[in-house]
Amino acid sequence: MSKPKQVKSALISVYYKDNLEPIIKKLHAQNVTLYSTGGTLSFIQKLNIPVTAVESVTNYPEIFGGRVKTLHPTIFGGILNRRDNPTDILEKEQHHIGDIDLVIVDLYPFEETVAAGASEEDTIEKIDIGGISLIRAAAKNFNDVLIVSSRNDYAELLALLESKKGMTDLSDRKSFAAKAFATSSHYDTAIFNYFNRTEKLTQFKQSIQSGQILRYGENPHQQGIFYGDLNALFTKLNGKELSYNNLLDVDAAVALIAEFKNADPTFAILKHNNACGIATRKTLLQAWNDALAGDPVSAFGGILICNKEVDAETAKEVTKLFCEVIIAPSYNAQALETLKSKPNRIILTQNEVEFHHRSFRTLLNGVIEQDKDLKTETEKDLQTVTTKAPTSAEIKDLLFANKLVKHTKSNTIVLAKNGALLASGTGQTSRVDALRQAIAKAQSFNFDLKGAVMASDAFFPFPDCVEIAHKAGITAVIQPGGSIKDKESVAYCDNNGVSMVFTGNRHFKH
């Protein structure tokens with residue numbers, strides 16, 4: 001078993017100097033010999049702390065505009081030699097190679113450079129070569145060497161140096177090595193994905209550096225972890241931590257409300273990833289009341305989301321309902337105070353972030369990936385296929401319903417009227433069942449379907465759906481079209497005064 005190691009020498013070469021000074025001073029106080037390069041060398045010198053330039057050790061200057069600094073056998077030999085291996089000890093003496101016990105290296109900001117929209121030339125220059133090599137070398141030899149590969153670990157390093165007086169245990173070094181390999185693999189994944197934007201290799205590589213352990217997964221007997229940065233997307237103002245199921249609903253809610261970003265005040269209520277109520281109105285309070293009316297039973301314990309600031313009057317009504325989460329762009333002071341009356345209610349403000357345009361999920365023994373469904377139809381996309389054209393009011397409702405059907409589990413039918421969801425049939429094995437479910441639900445809440453519209457996520461294989469819808473009072477239909485029996489559905493509509501439009505786009509959601 002490896003014994004504790006005393007840090008006697010350290011190589012420090014970092015891009016970010018934040019919080020580095022206390023570490024430099026602590027190493028100096030512990031009589032550690034310091035080696036460095038470039039800007040880090042100058043940084044240490046300005047602290048009036050002795051430091052040796054790497055060039056003095058290698059007897060070779062930095063070349064190619066700094067592309068080659070530390071790539072030398074003297075440096076890598078000092079890191080990789082096995083302190084207890086007789087052959088390594090002999091070769092180290094023959095080649096006058098000194099040990100390097102601690103390596104503090106970070107990497108050029110490649111991802112930040114890509115995100116800033118830099119040119120390809122500037123981006124390529126931010127692909128780190130020496131740094132990644134040093135990290136891997138030191139991590140590989142964790143039996144003897146401590147590697148610190150991120151400024152996020154500086155506090156832990158400083159605490160370690162202080163508590164153990166410059167000594168490190170094998171468990172310390174192995175823990176830092178694991179972090180180092182996480183750093184290097186994430187970095188390489190980012191570079192691959194940058195190149196693969198144009199090369200389109202059929203290889204799946206994703207890396208997320210932050211994770212949050214959840215109370216449990218979908219059910220209490222399942223473990224759950226969220227990988228990502230929720231703090232970038234939301235500011236939490238109140239409540240407990242989001243659960244696995246909360247996150248699924250929040251994801252669905254955020255995707256749905258994005259369809260109404262520039263619309264009049266819109267409020268949506270979601271349960272199990274589907275909207276059970278949503279309405280667009282002139283005021284947020286009206287939108288809330290009409291969204292709740294869509295299904296006041298399912299709304300209990302739901303996820304609430306809106307596209308405008310929550311005012312005091314709306315908050316007063318909202319707080320009458322038990323809900324898990326509420327999300328809004330902002331809240332006025334009085335509204336926030338009212339909503340906080342329930343200590344466990346999760347209150348979030350949604351920040352502006354850019355979402356990925358690809359989605360993936362595990363399946364069988366692999367992963368499937370696809371473009372996200374970012375197609376939102378407008379009036380220009382509608383092809384009237386019946387003799388009777390929809391009215392302007394019906395077109396508005398058809399487009400509203402079509403947005404909802406895109407975000408509802410298939411097979412689905414959505415019934416809407418006057419900018420509000422009346423009912424939906426969700427996750428059914430047949431389209432007819434979805435329609436019947438929607439009609440029955442609307443009728444159970446005493447909604448008048450006369451003059452309502454119907455949206456379908458996929459084409460009608462038979463004319464039965466338009467017939468059932470018409471008999472229930474539906475006057476306009478929106479669907480993708482594309483069935484070999486489209487003519488039969490069109491004929492029924494023509495014979496019964498129903499207008500129908502095709503979009504040409506299916507919106508399955510499984």
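For the structure, check the block above.
Residues numbered from 1 in each chain as written. Predicted model: local features only at pLDDT ≥ 70, side-chain atom pairs only at ≥ 80, totals over all residues. Heavy atoms only, no water.

J.: Just to check I follow, could you spell out the overall build of the chain for this structure?
T.: Counting secondary structure elements, the chain contains 19 helices and 23 strands. Relative to its length of 510 residues, the chain is extended, with a C-alpha radius of gyration of 31 Å against a globular reference of 24 Å. Based on the C-alpha atoms only, the size of the chain along its principal axes is roughly 95 × 50 × 40 Å. Counting every position in the chain, which comprises 510 residues, the buried fraction comes to 46%. If you take every contact in the chain between residues at least 6 apart in sequence, the share linking residues at least 24 apart comes to 56%. Of the accessible surface of the chain, which amounts to about 26000 Å², a share of 51% is contributed by carbon and sulfur atoms. The centroid of the 57 positive side-chain charges in the chain is displaced by 3 Å from the centroid of its 59 negative side-chain charges. (Helix = DSSP H or I, 4+ residues; strand = E, 2+ residues; numbered from the N terminus. Rg over C-alpha atoms; globule rule 2.2 N^0.38 Å. Buried < 20%, exposed > 50% of the residue type's maximum accessible area, 1.4 Å probe, protein only. Contact = heavy atoms within 4.5 Å. Areas by Shrake-Rupley, 256 points an atom, 1.4 Å probe, with all protein chains shown as cover. Lys, Arg positive; Asp, Glu negative; His and termini not counted. Charge placed at Lys NZ, Arg CZ, Asp CG, Glu CD.)

J.: Would you mind showing me how to read the side chain of asparagine 81 here?
T.: Secondary-structure assignment places asparagine 81 in the loop between helix 4 (73-80) and helix 5 (86-94). On the basis of relative accessibility, which here comes to 8%, the residue asparagine 81 falls in the buried class. A distance of 2.9 Å separates a polar side-chain atom of asparagine 81 from the backbone oxygen of glycine 77. Apart from residues lying up to four places away in sequence, asparagine 81 is in contact with Asp88, Lys92, Asp99, Asn141 and Asp144. (Polar contact = N/O pair within 3.5 Å; in protein donor to acceptor, adjacent residues only side chain to side chain.)

J.: Looking at this structure, how should I read empty space enclosed by the protein?
T.: It is a probe the size of a water molecule, rolled over the atoms, that shows where empty space is left. Here the structure, examined in full by the defined rule, presents 1 cavity of 30 Å³ or more. Computed from the structure, the largest cavity encloses a volume of approximately 30 Å³. Surrounding the largest cavity, Thr376, Glu377, Leu399, Asn402, Lys403 and Lys406 form its lining. For the lining of the largest cavity, the per-class residue count stands at 1 nonpolar, 2 polar and 3 charged. (1 Å grid on protein atoms, 1.4 Å probe; cavity = no way out; pocket = protein on both sides within 12 Å on 5 of 7 lines; lining within 4 Å. Points joined across faces, edges and corners; volume = space filled by probe spheres on them. Nonpolar A, V, L, I, M, F, W, Y, C, P; charged D, E, K, R; others polar.)

J.: Where do I start with the packing of helix 9 (residues 154-163) against helix 10 (residues 170-199) in this structure?
T.: Helix-helix packing: each pair is described by the crossing angle between the helix axes and the interaxial distance. One way to put it is that helix 9 packs onto helix 10 with a least axis distance of 13 Å and a crossing angle of 170°. What the angle tells us is that helix 9 and helix 10 run roughly antiparallel. Residues Glu156, Leu157 and Leu160 of helix 9 form the contact with helix 10, whose own contacting residues are Asp172, Phe176 and Lys179. For the contact of helix 9 with helix 10, the class distribution of residues is 3 nonpolar, no polar and 3 charged. (Axes fitted to C-alpha atoms, helices over the stretch in contact; angles between N-to-C directions. Parallel < 35°, antiparallel > 145°, perpendicular 65-115°, else oblique.)

J.: Before we go on, may I ask you to explain a nonpolar patch on the surface in this structure?
T.: A surface patch of nonpolar side chains, amounting to about 450 Å² of accessible area, comprises Ile208, Ile213, Ile225 and Tyr227. Mapped onto the secondary structure, isoleucine 208 falls in the loop between helix 10 and strand 8 (211-213). (Patch = residues over 30% accessible without salt bridge, like charges linked within 9 Å, V, L, I, M, F, W, Y side chains within 5 Å. Salt bridge = Lys/Arg side-chain N within 4 Å of Asp/Glu carboxyl O.)

J.: Looking at this structure, how should I read the packing of aromatic side chains?
T.: The relative placement of two aromatic rings is captured by the distance of their centres and the angle of their planes. Under the criterion given, the structure shown has 9 aromatic pairs. Residues phenylalanine 300 and phenylalanine 322 carry aromatic rings whose centres are separated by 5.1 Å and whose planes lie at 45° to one another, so their mutual orientation is tilted. Here phenylalanine 300 is found in the loop between helix 13 (284-293) and strand 13 (302-306), whereas its partner phenylalanine 322 is found in the loop between helix 14 (312-318) and strand 14 (323-328), with 22 residues between them in sequence. Residue classification places phenylalanine 322 among the partly exposed residues on the basis of a relative accessible area of 42%. Ring-pair connections join several aromatic residues into one group, and the members of that group are Phe110, Tyr187, Tyr194 and Phe195. The cationic tip of arginine 151 hangs over the ring face of tyrosine 16; the distance from NZ or CZ to the ring centre is 3.7 Å. (Phe/Tyr/Trp six-rings, centres within 6.5 Å; stacked < 30°, edge-to-face > 60°. Lys NZ or Arg CZ within 6 Å of the ring centre and 35° of its normal.)

J.: Just checking my understanding: could you explain the sheet that holds strand 5 (residues 102-105) for this structure?
T.: Across a sheet, paired strands are connected by hydrogen bonds in the backbone, their directions being either parallel or antiparallel. An order of 4-3-2-5-6 is seen for the 5 strands of this open sheet, with the pairing classed as parallel. The open sheet has two edge strands, strand 4 (52-53) and strand 6 (146-148), and neither has a second partner. Here 4 bridges tie strand 2 (residues 9-13) to strand 3 (residues 33-36), and the two strands are oriented parallel to one another. Residue pairing across strands places isoleucine 12 opposite serine 36, the latter belonging to strand 3. Taken strand by strand, helix 2 (residues 38-46) contacts strand 2, strand 3 and strand 4, and its axis lies near 140° from that of strand 3. Running at roughly 145° to strand 6, helix 9 makes contact with strand 5 and strand 6 of the sheet. (Pairing = 2+ DSSP bridges.)

J.: Sorry if this is basic, but what is going on with the pattern of salt bridges here?
T.: A pair can form between side chains of opposite charge whenever their charged atoms are brought close. Using the criterion set out here, one finds 24 salt bridges in the structure. A salt bridge links glutamate 125 to arginine 67, with the nearest nitrogen and oxygen atoms 2.3 Å apart. Linking glutamate 125 in helix 7 (residues 120-125) with arginine 67 in the loop between helix 3 (54-58) and helix 4, this pair joins segments that are 58 residues apart in sequence. Here glutamate 125 falls in the partly exposed class, since its relative accessible area comes to 36%. The closest approach of N and O atoms between aspartate 264 and lysine 282, which form a salt bridge, is 3.7 Å. Here lysine 282 lies in the loop between strand 12 (274-280) and helix 13 and aspartate 264 lies in the loop between helix 12 (244-258) and strand 11 (266-271), a separation of 18 residues in the sequence. The class of aspartate 264 is partly exposed, set by a relative accessible area of 37%.

J.: What exactly am I supposed to notice about helix 17 (residues 431-444) here?
T.: Note: α-helices contain 3.6 residues per turn, so residues at a spacing of three or four share the same orientation. The end-to-end C-alpha separation of helix 17 is 20 Å, in line with the 20 Å expected for 14 residues at 1.5 Å each. At the exit of helix 17 stands asparagine 446, carrying a positive phi of roughly 60°. (Expected span 1.5 Å × (residues − 1).)

J.: Would you explain the side chain of aspartate 486 in this entry?
T.: Here aspartate 486 shows up in helix 19 (residues 486-496). Of the side chains bearing the opposite charge, lysine 487 lies closest to the buried aspartate 486, which forms no salt bridge; the N-O distance is 9.8 Å. Of note is the side chain of aspartate 486, whose polar atom sits 2.6 Å from the backbone nitrogen of glycine 482. When near neighbours in sequence (up to four residues on either side) are disregarded, aspartate 486 contacts Phe460, Gln479, Gly481 and Phe502.

J.: Explain the environment of threonine 386 here, please?
T.: Along the chain, threonine 386 turns up in the loop between strand 18 (383-384) and helix 16 (392-406). Sequence separation of threonine 386 and valine 501 is 115 residues, and the distance between their C-alpha atoms is 7.4 Å. With residues up to four places along the chain from it excluded, the contact list for threonine 386 reads Val490, Cys493, Asp494, Val498, Ser499 and Met500. A polar contact of 2.7 Å, which involves the side chain of threonine 386, links it to the backbone oxygen of lysine 388. From its side chain, threonine 386 meets the backbone nitrogen of methionine 500 in a polar contact 3.0 Å long.

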